[in-house]
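Each chain, letter by letter, is given below.
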Amino acid sequence: MKAITIGATGAVGRDLLAVLAASPDYESVEVLVRHKPTLPQEHTEKFHVHLIDFEQPETWQELVKGDVLFSSLGTSKKQAGGKQQQWRVDHDYQLFAAKAARANGVPCMVVVSSIGADPASRFFYTRLKGEIERDLKALGFPVLIILRPPSLIRHPAKRMLETVSVKILQALNAIGLLKRMKPMPTLTVAKAMARLAKGKMQGAKVITGQEIPKHT
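Because the structure is predicted, anything quoted here is derived from the model rather than measured. (Residues numbered from 1 in each chain as written. Predicted model: local features only at pLDDT ≥ 70, side-chain atom pairs only at ≥ 80, totals over all residues. Heavy atoms only, no water.)

## Concerning the packing of helix α3 (residues 83-103) against helix α4 (residues 124-137)
Interhelical geometry of α3 versus α4 gives an angle of 15° and a closest axis separation of 10 Å. Judged by the inter-axis angle, α3 sits roughly parallel to α4. At the point where α3 passes α4, the crossing takes the right-handed sense. When α3 is examined against α4, the residues Lys-83, Gln-86, Trp-87, Asp-90, His-91, Gln-94, Leu-95 and Ala-98 are found in contact with a partner set consisting of Phe-124, Tyr-125, Leu-128, Lys-129, Glu-131, Ile-132, Asp-135 and Leu-136. (Axes fitted to C-alpha atoms, helices over the stretch in contact; angles between N-to-C directions. Helix = DSSP H or I, 4+ residues; strand = E, 2+ residues; numbered from the N terminus. Parallel < 35°, antiparallel > 145°, perpendicular 65-115°, else oblique. Left-handed = near helix turned anticlockwise from the far one by under 90°. Contact = heavy atoms within 4.5 Å.)

Below, the structure written as structure tokens:
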């Protein structure tokens, strides 16, 4: 299989590259990034890195060709510099890539969203994720797989609030509370992405929370 990835410099994206490198099912990977990624030490011959400007899809849309588009693209409001900029990355950039994939006949897209995604949500982040899910579904991919993980365990964790929230959830899980929200390693999500793309699913499928590890 030939894969295309966006979001390879993030925590899930880095793990996904490692999973794809180790899998004999993926023969080549087009890596579309804004900044140079850290590639796995093994099987680097699989990877073809393209430094692109997401604001100019006409300069890179011909690169989005293959069997599956993986997207783990996302940022935080702080990193992006505000809500408008975060929306541009999490929504618009993903949609640009997805439209290019559809135009080029890519049959499958696998995307990381978030638990609670809802286009009618009162909360900015979950509304953002809900709207990109809705807009991706409207493109009519033969196969669209949306993963909605809970809080993610990243190595290393860079955000203090994220680290604290994960520890609180883990403590609650230990006494039997909020098991649906049990934090999940980014590697678990990456493994599920790679495996699901090889499956027999048709149409749009949403996989939420603790259902994700069942697909690794």
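Anyway, onward from the coordinates.
## Considering unusual backbone geometry
In the Ramachandran plot, His-43 falls in the positive-phi region, its phi being about 60° despite a non-glycine side chain. One can find His-43 in the loop between β2 (28-33) and β3 (47-51). His-43 gets classed as partly exposed once you look at its relative accessible area, which sits at 37%. (Buried < 20%, exposed > 50% of the residue type's maximum accessible area, 1.4 Å probe, protein only.)

## Side note on the pattern of salt bridges
Scanning the model with the defined rule gives 10 salt bridges in all. Notably, a salt bridge pairs Lys-2 with Glu-30, separated by 3.9 Å at the nearest N-O pair. In this pair, Lys-2 is assigned in strand β1 (residues 2-6) and Glu-30 in strand β2, connecting sequence segments 28 residues apart. Judged by its relative accessible area of 27%, Lys-2 falls in the partly exposed class. Counted as one network, the salt bridges with shared partners bring together Glu-55, Arg-88 and Asp-92. (Salt bridge = Lys/Arg side-chain N within 4 Å of Asp/Glu carboxyl O.)

## Some remarks on the confidence of the model for the protein chain
One rule of thumb: low pLDDT means the predicted coordinates there are not for detailed reading. Averaged over every residue, the pLDDT of the protein chain is 89; the share at 70 or more is 88%. Note that residues 159-166 has pLDDT below 50 and, in this model, 11 contacts with residues that lie over four places away or in other chains. (pLDDT = per-residue confidence, 0-100.)

## Quick notes on the environment of Val-189
Tracing the backbone shows Val-189 in helix α6 (residues 186-196). Take Val-189: its relative accessible area is 0%, and that puts it in the buried class. Along the primary structure Val-189 and Leu-152 are separated by 37 residues, whereas in three dimensions their C-alpha atoms are 8.9 Å apart. If near-sequence neighbours (up to four positions away) are discounted, Val-189 is found in contact with Val-12, Val-112, Leu-147, Pro-149, Leu-152, Met-184 and Ile-212.

## Observations concerning α3
Helix length check: α3 (21 residues) gives 29 Å between terminal C-alpha atoms against 30 Å at 1.5 Å per residue, within 8%. Along α3, the largest kink reaches about 30° and is centred on Val-89. Residue Gly-105 follows α3 closely and has a positive phi angle near 80°. (Expected span 1.5 Å × (residues − 1). Bend = angle between axes of the 7 residues up to and from the residue.)

## A look at the pairing of strand β5 (residues 108-112)
Most of β5 sits out of view: 5 of its 5 residues are buried. Taking every second residue as pointing to the same face, both faces of β5 are buried, with Cys-108, Val-110 and Val-112 on one and Met-109 and Val-111 on the other. In the sheet, strand β4 (residues 68-71) pairs with β5 via 3 bridges, with the strands oriented parallel. Of the residues in β5, the one forming a bridge with Phe-70 is Val-110. Each parallel crossover has a hand, and for β5 linked through α4 to strand β6 (residues 143-148) it is right-handed. (Pairing = 2+ DSSP bridges. Right-handed = clockwise from strand over helix to strand, strands pointing away.)

## Description of the sheet that holds β1
The strand order across the open sheet formed by 7 strands is β3-β2-β1-β4-β5-β6-β9, and the pairing between neighbours is parallel. Each having just a single partner strand, β3 and β9 (203-208) make up the two edges of the open sheet. Strand after strand, the sheet turns through a mean of 15° between neighbouring axes, direction not considered. Pairing between β1 and β4: 4 bridges, direction parallel. Within β4, the position partnered with Thr-5 by the bridge is Phe-70. Packed onto the sheet, α6 meets β4, β5, β6 and β9 and runs at close to 165° relative to β6.

## A look at the packing of aromatic side chains
Applying the stated criterion across every chain, the model contains 5 aromatic pairs. Where Trp-87 meets Phe-124, the ring centres are 5.9 Å apart and the plane angle is 50°; that geometry is what we call tilted. Remark: Phe-124 occurs in helix α4 and Trp-87 occurs in helix α3; sequence separation between them is 37 residues. Residues Tyr-93 and Phe-96 carry aromatic rings whose centres are separated by 6.3 Å and whose planes lie at 35° to one another, so their mutual orientation is tilted. With a gap of 3 residues between them, Tyr-93 and Phe-96 both fall in helix α3, about one helical turn apart. Here a set of aromatic residues connected by ring pairs shows up, and it is made of Phe-54, Trp-60, Tyr-93 and Phe-96. (Phe/Tyr/Trp six-rings, centres within 6.5 Å; stacked < 30°, edge-to-face > 60°.)

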